[in-house]
Number of protein chains: 2
Amino acid sequence: MSRILFDIEGAKPISIECNPGDNLLELARRANVAIDAPCSGNGSCGKCRVRITEGEVESFKSRHITDEEWDLGWRLSCNSKVIGDATVFVPDIASAYQSRMKTADLSTGKEVAIFEEMQANLKAAGVDFCNEFMALDLVMAEPTLDDTMPDVERLEWAVKAEVEVEFVKIPFAVMAKLASTLREHNFHVCVKGRCSGDTFHCMDICAPEDTALVGCAIDIGTTTVSMVLVDMTTGKILAKGSSGNGQIRYGADVINRIIEQGRSGGRKKLQDAIVKETLNPIIANLCKSIGLNARSIVQLCIAANTTMNHLLLGVDAQSVRMEPYIPSFFGWEGLLAGDLHLPAHPLAPVRIAPNIGSYVGGDITAGTLASLIWDKDEMSLFIDLGTNGELVFGNRDFLMSCACSAGPAFEGGDISCGMRATDGAIEACTVDCATMEPSYEIVGDEGQRPVGICGSGIIDIISELFRCAIINARGQFVREGRRVRRDAHGMGRFVLAFEEESETGREISINEVDIDNFIRAKGAIFSAIETLLNSVDMTVECIDHVYVAGGIGSGINMKNAVNIGMLPDVELEKFSYIGNSSLTGAYAMCVSDRANEKCAEVMANMTYLELSTYPGYMDSFVAACFLPHTDSSLFPSCVQEG
Amino acid sequence: MSRILFDIEGAKPISIECNPGDNLLELARRANVAIDAPCSGNGSCGKCRVRITEGEVESFKSRHITDEEWDLGWRLSCNSKVIGDATVFVPDIASAYQSRMKTADLSTGKEVAIFEEMQANLKAAGVDFCNEFMALDLVMAEPTLDDTMPDVERLEWAVKAEVEVEFVKIPFAVMAKLASTLREHNFHVCVKGRCSGDTFHCMDICAPEDTALVGCAIDIGTTTVSMVLVDMTTGKILAKGSSGNGQIRYGADVINRIIEQGRSGGRKKLQDAIVKETLNPIIANLCKSIGLNARSIVQLCIAANTTMNHLLLGVDAQSVRMEPYIPSFFGWEGLLAGDLHLPAHPLAPVRIAPNIGSYVGGDITAGTLASLIWDKDEMSLFIDLGTNGELVFGNRDFLMSCACSAGPAFEGGDISCGMRATDGAIEACTVDCATMEPSYEIVGDEGQRPVGICGSGIIDIISELFRCAIINARGQFVREGRRVRRDAHGMGRFVLAFEEESETGREISINEVDIDNFIRAKGAIFSAIETLLNSVDMTVECIDHVYVAGGIGSGINMKNAVNIGMLPDVELEKFSYIGNSSLTGAYAMCVSDRANEKCAEVMANMTYLELSTYPGYMDSFVAACFLPHTDSSLFPSCVQEG
């Protein structure tokens, strides 16, 4: 028997008994210690680093740990095993995520402008932004010996005097405080509720001045979660925020999380990670930031991929990854905020944008809704770049969709200096072919120094390195220079900012492993596009418009994305960047009943193509894992200098 | 500062700091120590007795404590105050109630026969016993690559193949376990739910053999609570039980409890006393007794008086007792078992029989429903004898109702040797006028010795004592003999069983205070009848039928009840005893949707007369506080011998 003491940054230490030979990462999970392990323990991501401060463990050396770090006791927990008592320092995963993620969505004017333009387009397409919520200002007569109507009837009459309904439904929560609230406010109250058909459904009875009706639109991504609070009456955005998805410590991709939720107690653990550890703190923070009582949130809408939807509800998600690959549900209505103990009115309905397949979920139906491709004659391609890449192709007559596993590269994951598009992120870059000196744009105020690289920056850098022939078609460094460095194993990297140039004092660079990861990601996207078009007997020429969505930054340099063979080589004016369309769609479905109906229609008209079993997809993927492609005739406009 | 240690029978002792001068009963309540105090601390009931085992308190001597008891340290806590440290023995109130109450309702064949006859009459009157609950046996195909329907749709199709509905609603609780339950049982499951109009509302998804659909009908009286579990499909009674209402320690009558709930935290306290301390244990016990999972309870129905209904829901009940005397609600639909955390399916609807006034509640509307007086041409008088006496008079054209405060005498409360009609209760009695020797019938098996006297027994004894001129019209003892005893203060009593004759070794007798309490109770009833008839310009002669309800025993000797001036002096064949009609009504409303509708109709046609403000009622009451009445011409058949 040995004893491991986990010394957790910013939290109480946890001690656990174990046997020599036990894997340190698994032990941490058993002890409920959160360690960031997006690759789920296979040694590839290098994120599960801990530091041994007393005693020893037995570990393999990894390329993710430098010699200096090794000497300081840093190890990857996934490839370490217990050999005796030890004290293990665990960096705080939550604060790491918070500082890395911050408020990524709608944090720039550009993003807000895109968001607002899309809402305007939806309205122009006939999706009116109305909902059934009301806050009624009710002034009633106080009961007397001559007016002996009980409170319940008195309220019903007052409601019926305001809205034309036949029935008034009073739930227990309102009933229990009706008598006291009426008397406390001398029979002048605000009643919040929903007017549906012939019935007014009361939700709350409040002081007359408490009239807020707030909606909460949420985009739950595999990696990040974004949210806006919105005034249900005016549609005005009241607050916005985002953070990492707390489930990340159970695996960076959905497959690892599905495996994890299948273990004993796993469903509860994964559900808690998204609800208690992720959504609840964001909602609470947003409410606090605008001085809002969370009970004023009367409607929520969630756009999430199929697996995230299952994990959110605590529904067994095994069927998503096991043959015959069918989720437990596409659409389902009936969730209330109280069912998940979300900090909102417990009776607030939670709309879930419907899934259409195991790997095309509500985030895509919501995003497709927002893109308006279902309202056009022209053929459009909609691409959502997240941890998975999802595609929808078609027009008002038909819609085809598929998904490919791109990994977290587009969101800055799987990239050594990757980060979300927040302050300090290099979001755009050019390289001088002669001097190999880079110039870049950084998110943030004037004078902001670089912290890392976000998705759009990575596309630019790789495109520029390739254009300048600093890397070859396989992503290997082929030129030498001041900014091209190699480590002891010979692995090349390009330094964007030397230690003294960065905000953090750490070098910001992109290495061959990063580039390889990214090439696989872009290869997955392009081959998916090719296969999807193929499945309807079409080619790249048929595309009239390409909508690119995703939290990839405040925009993508489409030319560069074409240059590296990620997006099809069509005229640049056919491309539009539409930001986080999933959040845009969730917002629309939250405040607009019509948008919600429309999303269900869009979903009903969409066909799902399961790529993994589609003949030819794997060959197409392998061919696409080059810059720009093994078949360069597909990318006539791609140029290489030098 | 002093310290009182409450040494509670059958529970952990509780110690509390206090100041000299503190009232011992109030101190006990502050310390959350349950002491039986039906009179709410005014010294009249004598039930709050405790025994000082160490130290001393300062108390008044009370007629409720004998000299021997005084010497042993027995005191009334309500008239004791702290003078220093002391240890106070507190008899266990719960076990006292349980032993005193046991299963009082439907415990005898006679009661069951009445109950069943009334259900048969309801059916004969066109109230069919149908409800919307169903347990569907669903066998679905397992998903394959060629049959990729998600679980939600698969279930919807399976339900629609069984019942003709357009929509299937799946609540969160079912959604969350749908995927795992289907797979655990190889897609053969039982789905329980309600079929309402075009929609099937799922409530639960279970193993295929778990098909139980159980209803729970509850009569919540001020003093006692009775309950039956019933098979929702066959209407068969599965289990039955009763116990004291745990609120009794906050006052025997509704007024004291309303005052108590008005104090800080009072609503929660009173609600917990009925829900957590009373209903939950009974339901749990009944379920255990028949090996039933409480989740199988899919429907509940509660018949209770107006105050009990308010306290149950935690609704402020002040308006019931304050001018203009209007309750917060008459009828209200929308309660679910989960709202009160009752041990039942959380989505099980809880029907509450509607109130019609502050003092005529759902117990009376349910009882009136069961009595069928609303279905007849003849004029009927319905009397429910409980802690309050409630009356309804009328026929199919009109119904008038009123209530009077009778106190708990009819249920054996307020009477020194009173008890419910359980084993050992003297339920009928005659007295030989010459020898003054009593003969009595005792509830229970052959050879059962007497334990106390239940309501029907008290009526008989007082009637017989008066007939034999042992007591006078004021209830005072006027003959001497072996069985007539007097205490040191000269208070007379009639001994029914000497110490050696009783089951408990304690004398069973009825004293002048008991008789006086009872005369006030019967006086309240008679004057209410008189006033109610008066209000519609009718007299006793107009009555075609009298239905007497209440948990007063397995029957009442109507002749004796007339003899003492409690019931009007009409032909004996006009009387029917209909048992606990409130529970009978609740049972009907639980299993029959039609009965539930009918009760709402009955309620809508009933007029409520507020007796307390009705001119002449007080005079009538005073006149009725005699045996049989100050105006003996009202009781021509009353005879007195000796």
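Residues numbered from 1 in each chain as written. Chains lettered and ligands numbered in written order. Predicted model: local features only at pLDDT ≥ 70, side-chain atom pairs only at ≥ 80, totals over all residues. Heavy atoms only, no water.

1. Side note on the overall build of chain A
So, point 1. Broken down by element type, chain A carries 17 helices and 26 strands.
So, point 2. The C-alpha radius of gyration of chain A comes to 27 Å, within 12% of the 26 Å expected for a compact globule of 642 residues.
So, point 3. Taking the principal axes of the C-alpha coordinates as reference, chain A spans close to 95 × 65 × 55 Å.
So, point 4. Long-range pairs, those at least 24 residues apart, make up 66% of the contacts in chain A with a sequence separation of at least 6.
So, point 5. For chain A, the accessible surface area stands at approximately 24,500 Å², while carbon and sulfur atoms represent 49% of it.
So, point 6. If the 54 positive side-chain charges of chain A are averaged to one point and the 88 negative ones to another, these points end up 5 Å apart. (Helix = DSSP H or I, 4+ residues; strand = E, 2+ residues; numbered from the N terminus. Rg over C-alpha atoms; globule rule 2.2 N^0.38 Å. Contact = heavy atoms within 4.5 Å. Areas by Shrake-Rupley, 256 points an atom, 1.4 Å probe, with all protein chains shown as cover. Lys, Arg positive; Asp, Glu negative; His and termini not counted. Charge placed at Lys NZ, Arg CZ, Asp CG, Glu CD.)

2. Side note on the relation of the copies chain B and chain A
So, point 1. Once chain B is rotated about the relating axis by 180° and shifted along it by 0.2 Å, it coincides with chain A to within an RMSD of 0.2 Å. The transformation relating the two chain copies, once decomposed into turn and shift, fits a two-fold axis. The C-alpha atom lying nearest the rotation axis in chain B is that of Gly338(B); the distance is 6.0 Å.
So, point 2. When the interface residues of chain B are mapped onto chain A, 100% of them again fall at the interface, so both copies present the same face. (Least-squares fit on C-alpha atoms with pLDDT ≥ 70 in both.)

3. Re the state of the cysteines
Residues and elements named next belong to chain B.
So, point 1. In total, this model carries 2 disulfides over all chains according to the counting rule given.
So, point 2. Each disulfide pairs two cysteine sulfurs, and for Cys433 the partner residue is Cys468, the sulfurs being separated by 2.4 Å. One quick way to see it: the torsion about the S-S bond of Cys433 and Cys468 is about -75°, and its sign makes the bridge left-handed. Linking Cys433 in the loop between β18 (425-431) and β19 (438-442) with Cys468 in the loop between α12 (455-467) and β21 (484-486), this pair joins segments that are 35 residues apart in sequence. Neither residue differs from the other here; Cys433 and Cys468 are each classed as buried.
So, point 3. Of all cysteine sulfurs, the one in Cys48 lies closest to Cys18, which takes part in no disulfide; the gap is 17 Å.
So, point 4. Free of any disulfide, Cys590 has its nearest neighbouring cysteine sulfur in Cys301, separated by 6.1 Å. (Disulfide = S-S within 2.5 Å. Buried < 20%, exposed > 50% of the residue type's maximum accessible area, 1.4 Å probe, protein only.)

4. So, the interface of chain B and chain A
So, point 1. Listed by partner, the interface residues are 39 residues for chain B and 39 residues for chain A.
So, point 2. Scanning the region where chain B abuts chain A turns up 0 salt bridges.
So, point 3. At the junction of chain B with chain A, the criterion picks out 10 residue pairs in polar contact (both at pLDDT 80 or more).
So, point 4. Ranked by residues supplied to the side of chain B that touches chain A, first place goes to helix α6 (residues 172-184) of chain B with 7 residues. (Salt bridge = Lys/Arg side-chain N within 4 Å of Asp/Glu carboxyl O. Polar contact = N/O pair within 3.5 Å; in protein donor to acceptor, adjacent residues only side chain to side chain.)

5. As for the confidence of the model for chain A
Residue and element names in this part refer to chain A.
So, point 1. Mean pLDDT over chain A stands at 90; residues scoring 70 or higher make up 95%.
So, point 2. Long-range and interchain partners of residues 94-103, a stretch whose pLDDT sits below 50, account for 23 contacts in this model, where long-range means more than four residues apart.
So, point 3. The complex model carries a pTM of 0.84, and its ipTM stands at 0.83. (pLDDT = per-residue confidence, 0-100.)

6. Examining the sheet that holds strand β23 (residues 508-511) of chain A
Residues and elements named next belong to chain A.
So, point 1. If you walk across this open sheet you meet the 3 strands as β21-β22-β23, and the pairing is antiparallel. This sheet does not close on itself; its edge strands, each paired only once, are β21 (484-486) and β23. Strand after strand, the sheet turns through a mean of 35° between neighbouring axes, direction not considered.
So, point 2. Bridge count between strand β22 (residues 492-497) and β23: 4 bridges; the pairing is antiparallel. The partner of Phe494 across the bridge, within β23, is Ile510.
So, point 3. Strand contacts of helix α12 (residues 455-467): β22 and β23, with the helix running at about 60° to β23, the strand carrying the most contacts.
So, point 4. Each of β21, β22 and β23 touches helix α13 (residues 512-535); the most contacted strand, β23, lies at about 60° to it. (Pairing = 2+ DSSP bridges. Axes fitted to C-alpha atoms, helices over the stretch in contact; angles between N-to-C directions.)

7. Structural notes on the side chain of Thr87(B)
Residue and element names in this part refer to chain B.
So, point 1. Turning to its location among the elements, Thr87 is positioned in strand β5 (residues 80-90).
So, point 2. Here Thr87 falls in the buried class, since its relative accessible area comes to 13%.
So, point 3. Every residue in contact with Thr87, bar those within four places of it in the chain, is listed here: Leu5, Asp7, Arg51, Ile52, Thr53 and Glu54.

8. A word on unusual backbone geometry
So, point 1. With an omega dihedral of 0°, the bond running from Glu323(A) to Pro324(A) counts as a cis peptide bond.
So, point 2. Of note, Pro324(A) is situated in the loop between α10 (318-321) and β14 (350-352).
So, point 3. Unusually for a residue other than glycine, His341(B) sits at a positive phi of about 55°.
So, point 4. Relative to the helices and strands, His341(B) is located in the loop between α10 (318-321) and β14 (350-352).
So, point 5. We classify His341(B) as exposed; its relative accessible area is 65%.

9. Some words on the environment of Phe200(A)
So, point 1. Tracing the backbone through its elements, the reader meets Phe200(A) in strand β9 (residues 199-206).
So, point 2. On the accessibility criterion, Phe200(A) (0% relative accessible area) is buried.

10. Observations concerning the sheet that holds strand β20 (residues 452-453) of chain B
Two modes of strand pairing occur in sheets, parallel and antiparallel, and in both the strands are linked by backbone hydrogen bonds.
Residue and element names in this part refer to chain B.
So, point 1. Within the open sheet, the 3 strands sit side by side as β19-β18-β20. Their pairing is mixed. The open sheet has two edge strands with one neighbour each: β19 and β20.
So, point 2. As paired strands, β18 and β20 are joined by 2 bridges and run parallel to one another. Following the sheet pairing, Ala425 is matched in β20 by Gly452.
So, point 3. Along the sheet, α12 makes contact with β18 and β20, crossing β18 at roughly 15°.

11. Comments concerning helix α15 (residues 581-591) of chain A
So, point 1. Of all 11 residues in α15(A), 11 are buried, a share of seventy percent or more.
So, point 2. Looking at α15(A), one finds that the buried residues are Ser581(A), Ser582(A), Leu583(A), Thr584(A), Gly585(A), Ala586(A), Tyr587(A), Ala588(A), Met589(A), Cys590(A) and Val591(A).

12. Quick look at the environment of Asp384(A)
All names here are of chain A.
So, point 1. Structurally, Asp384 is set in strand β15 (residues 380-385).
So, point 2. A relative accessible area of 9% means that Asp384 is categorised as buried.
So, point 3. Counting along the chain gives 26 residues from Asp384 to Ser358, while the straight-line C-alpha distance between them is 16 Å.
So, point 4. Leave out the neighbours within four places in its chain, and Asp384 touches Ile364, Gly389, Glu390, Ala549, Gly550, Ser581 and Ser582.

13. Describing the pairing of strand β10 (residues 214-220) of chain B
Residue and element names in this part refer to chain B.
So, point 1. With 7 of its 7 residues buried, β10 lies for the most part within the structure.
So, point 2. Here β10 shows two buried faces, one formed by Val214, Cys216, Ile218 and Ile220 and the other by Gly215, Ala217 and Asp219.
So, point 3. Examined bridge by bridge, β10 and strand β11 (residues 224-231) share 7 bridges and lie antiparallel to one another. Bridge assignment links Ile218 to a residue of β11, and that residue is Met227.

14. Structural notes on the packing of helix α11 (residues 362-371) of chain B against helix α16 (residues 593-604) of chain B
All names here are of chain B.
So, point 1. Between α11 and α16, the shortest axis-to-axis distance is 9 Å and the interhelical angle comes to 110°. Relative to α16, α11 is oriented roughly perpendicular. Between α11 and α16, the contacting residues are Thr365, Ala366, Thr368 and Leu369 on the first element and Ala595, Lys598, Cys599, Val602 and Met603 on the second.
So, point 2. Of the residues assigned to the contact of α11 with α16, the class counts are 6 nonpolar, 2 polar and 1 charged. (Parallel < 35°, antiparallel > 145°, perpendicular 65-115°, else oblique. Nonpolar A, V, L, I, M, F, W, Y, C, P; charged D, E, K, R; others polar.)

15. As for the packing of helix α7 (residues 254-261) of chain A against helix α8 (residues 266-289) of chain A
Residue and element names in this part refer to chain A.
So, point 1. Where α7 meets α8, the closest approach of the two axes is 7 Å, and the angle between their N-to-C directions is 130°. Considering their axes alone, α7 and α8 lie oblique with respect to each other. Residues Arg257, Glu260 and Gln261 of α7 pack against Gly266, Arg267, Lys269 and Leu270 of α8.
So, point 2. In the contact of α7 with α8, the residues fall into 1 nonpolar, 2 polar and 4 charged.

16. A look at the pattern of salt bridges
All names here are of chain A.
So, point 1. Inspection of every chain in the model, using the stated rule, returns 56 salt bridges over all chains.
So, point 2. Taking the shortest distance from any N to any O, the salt bridge between Glu69 and Arg49 comes out at 2.9 Å. Within this pair, whereas Glu69 is found in helix α2 (residues 67-72), its partner Arg49 is found in strand β3 (residues 49-59), the two being separated by 20 residues in sequence.
So, point 3. Overall, the relative accessible area of 21% leaves Arg49 in the partly exposed class.
So, point 4. When the shortest N-O distance is used, the salt bridge between Arg594 and Glu601 registers 3.8 Å.
So, point 5. You can call Arg594 partly exposed: its relative accessible area is 26%.

17. A word on the packing of aromatic side chains
So, point 1. The final tally for this structure, using the stated rule, is 12 aromatic pairs over all chains.
So, point 2. Summarising the aromatic geometry, the rings of Phe393(A) and Phe398(A) are spaced 6.3 Å apart at their centres and angled 70° between planes, so their arrangement reads as edge-to-face.
So, point 3. Judged by its relative accessible area of 24%, Phe398(A) is partly exposed.
So, point 4. Plain terms: the ring middles of Phe129(B) and Tyr587(B) are 6.2 Å apart, the flat faces sit at 45° to each other, and that makes the pair tilted. Placement of Phe129(B) in the loop between α4 (109-124) and β6 (133-139) and of Tyr587(B) in helix α15 (residues 581-591) is noted, with a sequence separation of 458 residues between them.
So, point 5. When its relative accessible area of 19% is taken as the criterion, Phe129(B) is described as buried.
So, point 6. By relative accessible area, which is 5% here, Tyr587(B) ends up buried.
So, point 7. An aromatic cluster of three or more residues is present, and its members are Phe115(A), Phe129(A) and Tyr587(A).
So, point 8. Above the plane of the ring of Trp74(A) lies Arg49(A), whose end atom (NZ or CZ) is 5.7 Å from the centre. (Phe/Tyr/Trp six-rings, centres within 6.5 Å; stacked < 30°, edge-to-face > 60°. Lys NZ or Arg CZ within 6 Å of the ring centre and 35° of its normal.)

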